[in-house]
Amino acid sequence: MPDGREPKPPRLPPRWFIRLAWSVHRGVYRVTGGRVGLWRPRANRWGALRLTTVGRRTGRQRSVIIGYFEDGSNLVTMAMNGWGDGEPAWWLNLLAHPDANVDLADGPRLVRARASAGDERSRLWARWREIDKNLDALAALRSSETAVVILEPRSVPTG
């Protein structure tokens with residue numbers, strides 16, 4: 001800061017509030033039959049998609065709504081768990097079963113997930129920083145590095 005003081009770390013709402021907001025968002029999506037709750041990203045704004053994974057323990061489908069941006073044909077998100085510690089369940093599910101489905105505002109897509117690394121991760125992190133100026137301060141709230149997740153298009157399996 002110009003006066004020599006350290007900037008204050010960002011304050012997050014209580015965990016119960018974050019979880020409630022996620023539940024309400026999923027509920028709105030469900031009640032409207034998917035007509036409300038997903039949107040495409042814009043120049044300096046993330047979009048929202050619905051990700052459906054296979055549960056690593058149950059084998060059952062699990063769905064969440066997460067933010068993303070587009071990088072060519074790939075969709076890019078972060079495994080941030082509401083900026084709390086621990087990995088989000090959807091990311092742990094993808095680590096066990098990387099093939100997933102996404103619903104976008106303009107339709108469904110089959111994807112395969114992977115974590116970005118090295119220069120690719122640095123480039124994608126910088127892109128997220130353009131969207132969210134507080135990104136580094138928020139990431140510092142976590143005790144481990146936040147995975148930058150790439151959802152690559154995959155084709156329908158042939159039988």
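Before reading on, note that the structure itself is shown above.
None of these values were measured; they are calculated from a predicted model.

S.K.: What am I meant to see in the overall build of the protein here?
M.R.: Helix and strand counts for the protein come out as four helices and six strands. When the helices and strands of the protein are placed in sequence order, the string is α-β-β-β-α-β-β-α-α-β. Here the C-alpha radius of gyration of the protein, 16 Å, is about what a compact globule of 159 residues would show, namely 15 Å. Expressed as lengths along the three principal axes of its C-alpha atoms, the size of the protein is roughly 65 × 35 × 35 Å. Counting every position in the protein, which comprises 159 residues, the buried fraction comes to 35%. Counting contacts in the protein only where the partners sit at least 6 residues apart, residues at least 24 apart contribute 65% of the total. As displayed, the protein offers around 9700 Å² of accessible surface, 53% of which is attributable to carbon and sulfur atoms. Averaged over its 26 positive side-chain charges, the protein has a centre that lies 9 Å from the centre of its 16 negative ones.

S.K.: Whenever I open this one, the pairing of strand β6 (residues 147-153) confuses me. Can you help?
M.R.: Among the seven residues in β6, five count as buried, and that is most of the element. As paired strands, strand β3 (residues 74-79) and β6 are joined by five bridges and run antiparallel to one another. For Leu 75, the partnering residue across the bridge sits in β6 and is Leu 151.

S.K.: I'm lost on the pattern of salt bridges in this one. Help?
M.R.: A side chain of one charge can pair with a side chain of the opposite charge when the charged atoms of the two come close. Scanning the entire structure with this criterion turns up 12 salt bridges. Where Arg 40 meets Glu 70, a salt bridge forms, and the shortest distance between an N and an O atom there is 3.2 Å. Of the two residues, Arg 40 is situated in the loop between α1 (15-31) and β1 (47-54) and Glu 70 in strand β2 (residues 61-71); the sequence distance between them amounts to 30 residues. You can call Arg 40 partly exposed: its relative accessible area is 35%. Exposure remark for Glu 70: the relative accessible area of 33% places this residue in the partly exposed category. Linking Arg 112 and Asp 99 is a salt bridge whose minimum nitrogen-to-oxygen distance equals 2.5 Å. Here Arg 112, found in strand β5 (residues 107-115), pairs with Asp 99, found in strand β4 (residues 99-104); they are 13 residues apart in sequence, far enough to count as distant. By relative accessible area, Arg 112 is classed as partly exposed at 41%. For Asp 99, a relative accessible area of 30% puts it in the partly exposed group.

About the criteria used
- Residues numbered from 1 in each chain as written.
- Predicted model: local features only at pLDDT ≥ 70, side-chain atom pairs only at ≥ 80, totals over all residues.
- Heavy atoms only, no water.
- Helix = DSSP H or I, 4+ residues; strand = E, 2+ residues; numbered from the N terminus.
- Rg over C-alpha atoms; globule rule 2.2 N^0.38 Å.
- Buried < 20%, exposed > 50% of the residue type's maximum accessible area, 1.4 Å probe, protein only.
- Contact = heavy atoms within 4.5 Å.
- Areas by Shrake-Rupley, 256 points an atom, 1.4 Å probe, with all protein chains shown as cover.
- Lys, Arg positive; Asp, Glu negative; His and termini not counted.
- Charge placed at Lys NZ, Arg CZ, Asp CG, Glu CD.
- Pairing = 2+ DSSP bridges.
- Salt bridge = Lys/Arg side-chain N within 4 Å of Asp/Glu carboxyl O.

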